[in-house]
Amino acid sequence: QTPELAGEVGPQGGVMVSLLPGALPSVSVMPVQRGSLDGEKLRALHDRARRMAAAVSARRETLLLIGRHIAEVQSAFFVGRQENIHPITRAEAAASLAMHPSTLGRTIAAKALLAGSKVYPLSMFFSRALNGPAGAMSPFDVQRRIREMIDQESADAPLADEGLSAQLNKEGVDIARRTVAKYRKCMRIPSSFGRKRRKAK
């Protein structure tokens, strides 16, 4: 996924976010006076172009605003002070930014942030918290734990979703089997049957 935002740790230790050049469309309008245009059709096209340019500019500014909010909320994650992502919902973030949740959702759709050498989909920073052994956990952290367990499983006896769920519950993570299956599919990890066949080849 090609990122639209870039984040880097600044000299004061904070995370600075900027738009990547060329990653987003840019619309400009020819510098002509509307009144100098000949005919209502040309003036209508000129008005349409100005509205489109304003909409694109507003979307870019909104994306940058959301990116900076992510950097502020998740600063400890980006600077390496913690491995976990602080769970926050889209509604909570939208309220903090004084925008409608649907506006936030449309803005972050299929967008990503480059930090260090990794690309993070913006959607991964907005999720409902799960109860974990040390308090709230984000789905990102649960998915990482699922991947760790699968990487460490026996090739002859890969863990089924029910087994993964049971192990997570033992570790204090309140998660159902169907949620484990959903996260596994999001990570494009085959089922236990598929992994067993793959490792047998």
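Cut-offs and rules
Residues numbered from 1 in each chain as written. Predicted model: local features only at pLDDT ≥ 70, side-chain atom pairs only at ≥ 80, totals over all residues. Heavy atoms only, no water. Pairing = 2+ DSSP bridges. Helix = DSSP H or I, 4+ residues; strand = E, 2+ residues; numbered from the N terminus. Axes fitted to C-alpha atoms, helices over the stretch in contact; angles between N-to-C directions. Contact = heavy atoms within 4.5 Å. Buried < 20%, exposed > 50% of the residue type's maximum accessible area, 1.4 Å probe, protein only. Arc of directions from axis to C-beta. Phe/Tyr/Trp six-rings, centres within 6.5 Å; stacked < 30°, edge-to-face > 60°.

Peer 1: What am I meant to see in the sheet that holds strand S2 (residues 15–19) here?
Peer 2: Neighbouring strands of a sheet are bound in pairs by backbone hydrogen bonds; such pairs are parallel or else antiparallel. With mixed pairing, the 4 strands of this open sheet are ordered in space as S2-S1-S3-S4. One side of each edge strand has no neighbouring strand; the edge strands of this open sheet are S2 and strand S4 (118–121). With direction set aside, neighbouring strand axes in the sheet form an average angle of 25 degrees. On the sheet, helix H1 (residues 40–73) packs against strand S1 (5–9) and S2 and is oriented at approximately 160 degrees with respect to S2.

Peer 1: In this structure, what is going on with the side chain of serine 138? I would like to understand it.
Peer 2: One can find serine 138 in the loop between strand S6 (135–137) and helix H5 (139–152). Given a relative accessible area of 0%, serine 138 falls into the buried group. The contact partners of serine 138, leaving out residues within four places of it in the chain, are Ile85, Pro87 and Ser127.

Peer 1: How should I be thinking about unusual backbone geometry in this particular structure?
Peer 2: What is expected of a backbone is that most residues other than glycine have negative phi and most peptide bonds are trans. Positive phi, close to 60 degrees, is recorded for alanine 110, a residue that is not glycine. For alanine 110, the location among the structural elements is in the loop between helix H4 (101–108) and strand S3 (112–115). One non-glycine residue, arginine 188, adopts positive backbone phi at about 60 degrees. Positionally, arginine 188 belongs in the loop between helix H7 (177–186) and helix H8 (192–200).

Peer 1: It is not clear to me how H7 should be interpreted in this structure. Could you clarify?
Peer 2: In an α-helix, one turn spans 3.6 residues, which is why side chains three or four residues apart end up on the same side. Those residues of H7 lying buried are Val180, Ala181, Tyr183 and Arg184. Seen from one end, H7 has its buried residues packed into an arc of 165 degrees, which puts them on one side. Exposed residues pointing more than 90 degrees away from the buried face of H7 are listed as Arg178, Lys185 and Cys186. Arginine 188 sits one or two residues past H7 and shows a positive phi near 60 degrees.

Peer 1: Is there a simple way to think about the environment of arginine 195 in this case?
Peer 2: Take arginine 195: it is sitting in helix H8. Taking the C-alpha atoms as reference points, arginine 195 and valine 32, separated by 163 residues in sequence, lie 63 Å from one another. Not counting residues up to four positions away in its chain, the partners in contact with arginine 195 are Ile150, Glu153, Pro158, Leu159, Arg184, Ile189 and Pro190.

Peer 1: Can you help me understand the packing of aromatic side chains in this one?
Peer 2: How two aromatic rings sit relative to each other is set out by the distance from centre to centre and by the angle between their planes. One pass over the structure, following the stated rule, counts 6 aromatic pairs. Ring centres of phenylalanine 77 and tyrosine 120 lie 5.6 Å apart, and the angle between their planes is 75 degrees; on these two criteria the pair is classed as edge-to-face. Of this pair, phenylalanine 77 sits in helix H2 (residues 75–78) while tyrosine 120 sits in strand S4, and the two are 43 residues apart along the sequence. Like phenylalanine 77, the residue tyrosine 120 is buried in the burial classification. Residues phenylalanine 77 and phenylalanine 140 carry aromatic rings whose centres are separated by 6.0 Å and whose planes lie at 85 degrees to one another, so their mutual orientation is edge-to-face. One end of the pair, phenylalanine 77, is in helix H2; the other, phenylalanine 140, is in helix H5, with 63 residues separating them in the sequence. Classification of phenylalanine 77 as buried rests on a relative accessible area of 12%. Three or more aromatic residues link up through ring pairs in this structure, and these residues are Phe77, Phe78, Tyr120, Phe125 and Phe140.

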